[in-house]
Structures are given as C-alpha cells and as structure tokens.
Amino acid sequence: MRTVLAGGDLFNSHDGTIRRGDIAIDGERIVEVGIGLDGDASVDCSGLTLLPGLFDCHVHMAFSGDLDWVRGLQRGFSYQFFEAAQNLRRTLDIGITTVRDAGFADIGVKQAIEDGLVEGPRLRIAVTILSQTGGHADGMMPCGVDINPPPYPGMPSGVVDGTESVRARTREILRAGADHIKIASSGGVLSPTSDPRLAQFLPDEIEEIVAVARAAGTYVMAHAQSSAGIKNALRAGVRSIEHGVYLDDEAIELLLAEDVWLVPTLMAPRGVLDAIERGEQMPDRVVQKASEVAGAHMESVRRAVAAGVRIAMGTDTGVTPHGDNLRELALMADAGMSAPAVLQSTTLEAARLMRLDDELGSLEVGKRADVVAVAGDALSFDDLRARITQVWKDGARLR
C-alpha cells in the first residue's frame, strides 16, 4: 500500500536545508518525494518537519545508565538482556532508528530485533571491546575482583595482549557476529585502574587489529581519549575516534588527513557527574577522572569542529540513561556546530560512517523509509525529544 506523508517540511541532509514536500512510502521504501503526492492512504504532517531516521553511533544497549557498581553486582547475569529490550524501545521512541553498539550487545540481541521479538532500532554490534591487560575494558579491581561480566558463548573476553593474540581474538569476535571492531587505544574514565591521558595497546597491536578487520570487510572504532592513543589509532587506520578528549594540533591534522570521523560523546562525562550527584557509588578515582576530563573534552571538540573534522553523532548512552540521547545535539551545537550541521551529523554523516548511506540517512527515493516527524522548530534542540510526534522505520509507523 502506498502511504503519503503529506503537508510537511522535509530536511535535506545533503545541504542542511528545509523545504516543503511530501513523501510516498510503499512497503519498506521511499518511492516518491515531491509536492501534492497521492496514495492509498495519507498522513497529515502539516506543521511538522520530517527528518530521516536518526542515528546514534556510540551506544551500549546492554548497559542501562546505572553506574552504581554495588547495585549492579547484586543483579543476576541475565538481567542485562531484559534491560536491553527496554533500552531498545526507549531509543526507538525518540526517533533513533539506527545505532552502532560499542560493546556488550551480542548477536542474539541483534537477531531478536530483526526477527521481531522486540522492537528497537536497527543494530550494528561490536560484541566486546578489545583492551590490553590493565586497560580501559579490563575490569580487574585492586582487590583482585573482576567486575566485568564473565565471557560466555558469543561474548569472548576482550582483554588481550601481543600481536598474535590480538589477531586471534579479533577473529573470534568477528566469528561471534561483530559488524565492526571496537578497541581501547587509551585509558578512560569508568575503568578502575586506567589513565585517560595515557595510550594503550602498542602501535603494532592496533595495526594488527585493523588489518584483520579490513580483511573481513569491516573497520575499527577506537575509544581514544589521550593524545597519544588518538594518534596511534589514526596512524593504524581506524575509521572513527570515539570521545577525543585530549586532541592536540597533530591529532586534528591527522583526523583531517585520514578523513576519519570523530564521535564526540559529549554527554558521557556529564552523565558520570550527574550520577555522582545522584549519590551513585563509584570508585574515588572514577569520580576524580570524570571531573578532570569534562572541560578538556568540550574544548577539544570545539577545536575539531572549527578545523572541519567530520563529526558523527554518538552519545555513549548506557553510561547515561537510554532515551536521553538527544541531549547530545544541544551539546554539539554548544561545541560550535550549526544546527543544520548537527542534524546532518545525526543522519547522513552517521550513515556514511556506518557504511549505510546507500540505504539510510536521507529522504530520497529508493532508501529505506525511516522518518521522524518533529513539531515546531526542528533546528532547536533543547526540547526536541518532547516534540517528536511520529517515528517510522522500514515503512512501519512505530509511534
């Protein structure tokens, strides 16, 4: 059946403009874009702006924004999967129809969406995070207790050292169904013993991981906060830098020269600080690191934006509550991006990063019918979540 979304304005994610237009949907695809279209059914979109389905290029669907480690340690192992179903629905409800999971959602979660067992955004998964011993994804505490969930079938351990071992482990992760590979090339805030100002993995280890990923037809995303960790990852050939907290001039030059995306996740350190204010229990060192990085993070992203670095929207949601993802858009604007550029980074640029731009990211004939209807000013982000009135994914209205 041909359904027309009629009478609204359309956001053009190629040039950032908004113009009057209708969209005709047949099955899962957009079949016509124009004015005065007709069809078997019509949905009145007067007063609404229609956006392509939104992207979030850095989420953790198996985490739920609860950073209180003591509370988490008291929950059963399978609790995470029931929370994931809730997280997926919350994400879809705010117009995010495609996400890139940055660790700990396995292939079963992806299959449950594809088979219609649960409703959620289109999901691309990293499975786990590759990290050196003592690195960002190593959960070993000083007392000798590992706070990470144990490996299980379909979820290999990500802690690994040496070129031969990282080659084999990367292949195990790909075998487990990973669509891309996630590494930690620096320390981070939430890891108990790592320093976000220091690099992790040696350059030859990162090069080996990138080579294995490329041989499998995919790419590497790098959690990279320290200047050295960012540059090691860029020289090795990763496709995106996540966070980019301590960007120096050379790192920005490399981002531009290698045409690599920065996924800022400006919400992440603020989310940790919010959790601390709520009284959630975290190690003292985590509290200290969160306070240290927030200011440097925003300044680094401002400099990257001013230099013309490619930006794709990502939030690190899971560190923050699911459903709050769109807070990132206002922070991106605060970092110097124009409002149209923010929406482009949340649609077509994100699709390009994820290699999905042939199917998604713009309202064009032949692309998948992922559409988000927004009341009021679509270029104002402070209350955007409250103004989303319709969400369409693959031609089906889900809200």
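In the block above lies the structure referred to throughout.
What counts as what
- Residues numbered from 1 in each chain as written.
- Predicted model: local features only at pLDDT ≥ 70, side-chain atom pairs only at ≥ 80, totals over all residues.
- Heavy atoms only, no water.
- Helix = DSSP H or I, 4+ residues; strand = E, 2+ residues; numbered from the N terminus.
- Rg over C-alpha atoms; globule rule 2.2 N^0.38 Å.
- Buried < 20%, exposed > 50% of the residue type's maximum accessible area, 1.4 Å probe, protein only.
- Contact = heavy atoms within 4.5 Å.
- Areas by Shrake-Rupley, 256 points an atom, 1.4 Å probe, with all protein chains shown as cover.
- Lys, Arg positive; Asp, Glu negative; His and termini not counted.
- Charge placed at Lys NZ, Arg CZ, Asp CG, Glu CD.
- Pairing = 2+ DSSP bridges.
- 1 Å grid on protein atoms, 1.4 Å probe; cavity = no way out; pocket = protein on both sides within 12 Å on 5 of 7 lines; lining within 4 Å.
- Points joined across faces, edges and corners; volume = space filled by probe spheres on them.
- Axes fitted to C-alpha atoms, helices over the stretch in contact; angles between N-to-C directions.
- Parallel < 35°, antiparallel > 145°, perpendicular 65-115°, else oblique.
- Left-handed = near helix turned anticlockwise from the far one by under 90°.
- Nonpolar A, V, L, I, M, F, W, Y, C, P; charged D, E, K, R; others polar.
- Salt bridge = Lys/Arg side-chain N within 4 Å of Asp/Glu carboxyl O.

1. Observations concerning the overall build of the chain
Here is step 1 of the chain: Per the secondary structure count, the chain includes 12 helices and 17 strands.
Here is step 2 of the chain: Taken over the C-alpha trace, the chain has a radius of gyration of 21 Å; the compact-globule value for 399 residues is 21 Å, and the two agree within 12%.
Here is step 3 of the chain: With respect to the principal axes defined by its C-alpha atoms, the chain has extents near 65 × 45 × 45 Å.
Here is step 4 of the chain: For the chain, the proportion of its 399 residues judged to be buried stands at 58%.
Here is step 5 of the chain: Counting only contacts in the chain whose residues sit at least 6 apart along the sequence, the fraction spanning at least 24 positions is 70%.
Here is step 6 of the chain: Total accessible area on the chain is roughly 15100 Å²; 49% of this is exposed by carbon and sulfur atoms.
Here is step 7 of the chain: The chain carries 39 positive and 57 negative side-chain charges, and their two centres are separated by 1 Å.

2. Concerning the pairing of strand 3 (residues 29–34)
Here is step 1 of the chain: Where strand 2 (residues 18–26) and strand 3 come together, five bridges link them in antiparallel fashion. Directly across from A24, in strand 3, lies its bridge partner E32.
Here is step 2 of the chain: Connecting strand 2 to the next strand, strand 3, in antiparallel fashion are two residues, including G27 with a positive phi near 70°.

3. Some words on empty space enclosed by the protein
Here is step 1 of the chain: With the rule as written, the count across this model stands at one cavity of 30 Å³ or more.
Here is step 2 of the chain: Considering only enclosed or pocket space, the largest cavity measures out at about 40 Å³ in volume.
Here is step 3 of the chain: Considering the residues around the largest cavity, the lining is formed by P52, G53, F55, T97, T98, L360, G361, S362, R368 and D370.

4. Comments concerning the packing of helix 6 (residues 227–236) against helix 7 (residues 249–258)
Here is step 1 of the chain: In contact at an axis separation of 10 Å, helix 6 and helix 7 are set at 20° when each is read in the N-to-C sense. Looking at the two axes, helix 6 sits roughly parallel to helix 7. Of the two possible hands of crossing, helix 6 and helix 7 adopt the one that is left-handed. Where helix 6 abuts helix 7, its residues I230, K231, L234 and R235 lie against E250, A251, L254, L255 and E258.
Here is step 2 of the chain: Its residues assigned to classes, the contact of helix 6 with helix 7 shows five nonpolar, no polar and four charged.

5. A closer look at the pattern of salt bridges
Here is step 1 of the chain: Applying the stated rule across the entire model yields 30 salt bridges.
Here is step 2 of the chain: Notably, a salt bridge pairs K231 with E250, separated by 3.1 Å at the nearest N-O pair. Pair noted here: K231 is in helix 6 and E250 is in helix 7, with a separation of 19 residues, a long-range link.
Here is step 3 of the chain: A residue is classified by how much of its surface remains accessible, and K231, at 11% relative accessible area, is buried.
Here is step 4 of the chain: Here R310 and E349 are joined by a salt bridge, their closest N and O atoms 3.1 Å apart. Taken together, the residues R310 in strand 14 (residues 310–311) and E349 in helix 12 (residues 348–353) connect sequence positions 39 residues apart.
Here is step 5 of the chain: For R310, a relative accessible area of 23% translates into the label partly exposed.
Here is step 6 of the chain: Assessed through its relative accessible area of 13%, E349 is described here as buried.
Here is step 7 of the chain: Where salt bridges share partners, they join E28, R29, R122, E359, R368, D370 and D394 into one cluster.

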